[in-house]
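Report on the structure
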Amino acid sequence: MDAKVGIIPSGEEMVARAREIAPILADRAAATDKNRSMLPENHKLLRAAGFLKILQAKAYGGYELGVPVLVECVLELAQGCASDAWVTSLCASQNRFVGCYAKETQDEVYAASGMDLMTCLVTGPTTTAEKCDGGYRLTGKWPYVSGVDQCNWLLLSAFDPDAPEKGARYSFTFLVPRTDVAEVIDDWHVLGLRGTGSKTVVLDDLFVPMHRTLNFWRHDDTAPPGASANPGPLFQGVPRIPIFGMVVAAPAVGLALAATQAFRERLEGRKSALMTNAATENAPAQIALGNAIDRAEVARTLLLEIAHDFQSLAEARHVFTSADRLRYRLRGAEILRMSTEIVFDMFKAGGTGATFDHSPLQRLFRDAMAIRSHVVLDHDSASENRGRYALGIDPKPPYN
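Here is a short report on the structure shown in this document. Within every chain, residues take consecutive numbers counted from 1 along the sequence as written. Given that this is a predicted model, residues contribute local features only at a pLDDT of at least 70 and side-chain atom pairs are listed and counted only at 80 or more, while totals for whole chains, interfaces and linings are drawn from all residues. To obtain the side-chain values, all non-hydrogen atoms of the structure were included, while hydrogens and water were left out.

As for the overall build of the protein chain
- Only DSSP runs of H or I covering at least 4 residues are called helices, and only runs of E covering at least 2 are called strands; the numbering of each starts at the N terminus. A count of helical and extended segments in the protein chain gives eleven helices and eight strands.
- C-alpha atoms define the radius of gyration in this analysis, and the globule rule sets the expected value at 2.2 Å times the number of residues to the power 0.38. Against the compact-globule benchmark of 21 Å for 400 residues, the protein chain has a radius of gyration of 21 Å, which places it among compact chains.
- Overall, the C-alpha framework of the protein chain stretches about 80 × 50 × 40 Å when taken along its three principal axes.
- Here the protein chain, with 400 residues, has 55% of them falling under the buried criterion.
- A contact between two residues is defined here by any heavy atoms of the two lying within 4.5 Å. Taking the intrachain contacts of the protein chain between residues at least 6 apart in sequence as the baseline, contacts between residues at least 24 apart amount to 73%.
- When the accessible area of the protein chain is evaluated, it comes to approximately 16,700 Å², of which 53% is carbon and sulfur surface.
- Here the protein chain holds 42 positive side-chain charges and 47 negative ones, and the gap between their average locations is 2 Å. Three labels apply to residues, based on accessible area from a 1.4 Å probe with only protein chains included: buried if under 20% of the type maximum, exposed if over 50%, partly exposed otherwise in between. Using a 1.4 Å probe, accessible areas were evaluated by the Shrake-Rupley method; residue-level cover was limited to the displayed protein chains. Charge counting treats Lys and Arg as positive and Asp and Glu as negative, with His and both chain ends excluded. To locate a charge, take NZ of a lysine, CZ of an arginine, CG of an aspartate or CD of a glutamate.

And the structure:
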């Protein structure tokens, strides 16, 4: 199962690895939840399998297998543990970002970490960078850093001090070594995705050189500095939000598939003195299960369809338009909405037993609610922007 140096596996092989690992993650899911961070043994397993290299640049040991392979692997892993799948999905996607920086920067990052890269990201600026000779200085707190306990580099955003106004589009994303973090605040006490360890990072007057500074918003349709070092299609200026939407939706689809399985197993093992027939003979339960199975399959199919569509356009060097970006964002939000509803329906149909802490359905429900809260895939916002565009009205930033 270990990823071998110099050998790039096929997409099919990576998906097979994910299916093989998912039951192992499932056996440890309760422990991951309790740990509030990825277990060391799971971290070692997922890293060795090569999932973090799926979008990583080939020139630096990555596979560049494309977005469809990543999302399919993630939805398989999420059927075992959504927290582990979430961290894997985000960090694998964020490893691609390193390939957008100048070659000098990439050389520095990989010299420090070898080919074993794991990058965390916070794009929501919470502070303004301070300009200084040769770069910037950063002071502040960045919350929701999923995988911070395991990563070796971070991508942290801050407002450009020379920008004409504040706003996400006027922000830089800074590459920071994990060793330069002043403090990690253990504040991840939450309803769902407890095992992601999405804690708050603190920087205290940290100098970041200019070459580790990049405004990603300027490269949604123009080649970034790393394009010459990495000729692959995902390093030539493709919009980030559609990819991010898919890697966020993928764990939710996995949860939906897992919820149908957990509900089926609950029916098969359920007994009640109030029921004369087996729970499997209960018509409302059969209807709920059949409906959920079909909708989960639709969500999976739709996710893979848009991932293949996006990858094909990127490989064709398509210049992504506003209409493209809005369509992908809303489609991702719709997949997330569908998946969340499936998990909720299975949880409700599971009865009182599903509410116990030891119930897989309870954990699946909590994790689904946590994913559903992500602002990038807010369904109302994505729908509003697509409607505004259809009416000839400018969409609202920043995810437009």
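With respect to the pairing of strand S4 (residues 153-159)
- For S4, a buried count of seven out of seven residues is recorded, marking the element as mostly surrounded by other parts of the structure.
- Neither face of S4 is left uncovered, since the one carrying Trp153, Leu155, Ser157 and Phe159 and the one carrying Leu154, Leu156 and Ala158 both have all their residues buried.
- A pair of strands is treated as paired once DSSP finds two or more bridges between them. One ladder, built from four bridges, connects strand S1 (residues 119-122) with S4; its direction is parallel. When the sheet's bridge partners are listed, Leu121 is paired in S4 with Leu155.

Some words on the sheet that holds strand S8 (residues 213-214)
- With mixed pairing, the four strands of this open sheet are ordered in space as S1-S4-S5-S8. Each edge of the open sheet is held by one strand with a lone partner, namely S1 and S8.
- In this sheet, strand S5 (residues 171-177) lies alongside S4 in antiparallel orientation, the contact comprising seven bridges. The residue of S5 that forms the bridge with Trp153 is Pro177.
- In the packing of helix H5 (residues 82-98) onto the sheet, the strands contacted are S1, S4 and S5, and the crossing angle to S1 comes to about 90°.
- Orientation is described by lines fitted to C-alpha atoms, with helices fitted over the stretch in contact, and by angles between N-to-C directions that extend from 0 to 180 degrees. The strands touched by helix H6 (residues 103-113) are S4 and S5; relative to S4, the strand with the most contacts, the crossing angle is about 140°.

Comments concerning helix H4 (residues 67-78)
- Expected span, for any helix, means 1.5 Å times one less than how many residues it has. The end-to-end C-alpha separation of H4 is 16 Å, in line with the 16 Å expected for twelve residues at 1.5 Å each.
- Among the residues of H4, those classed as buried are Val67, Pro68, Val69, Leu70, Val71, Glu72, Cys73, Val74, Leu75, Glu76, Leu77 and Ala78.
- Among the structural elements, helix H1 (11-27), helix H3 (40-49), H5, helix H7 (240-269) and helix H8 (283-315) are those in contact with the buried residues of H4.

Brief notes about the environment of Ala229
- Inspection of the secondary structure assignment puts Ala229 in the loop between S8 and H7.
- When neighbours within four sequence positions are excluded, Ala229 is seen to be in contact with Ala59, Lys103 and Gln106.

Quick look at the packing of H8 against helix H9 (residues 322-349)
- Interaxial distance between H8 and H9 falls to 10 Å at its minimum, and their mutual angle equals 160°. Regarding the angle of H8 to H9, the classification is roughly antiparallel. As for the relative orientation of H8 and H9, their crossing is left-handed in sense.
- Each residue is assigned to one class: nonpolar for Ala, Val, Leu, Ile, Met, Phe, Trp, Tyr, Cys and Pro, charged for Asp, Glu, Lys and Arg, and polar for all the others, Gly among them. Of the residues in the contact of H8 with H9, the class split is 17 nonpolar, two polar and six charged. Working definition: roughly parallel below 35 degrees, roughly antiparallel above 145 degrees, roughly perpendicular at 65 to 115 degrees, and oblique for all remaining angles. The handedness criterion is simple: a crossing whose near helix is rotated anticlockwise from the far helix by less than a right angle is left-handed, and one whose near helix is rotated clockwise is right-handed.

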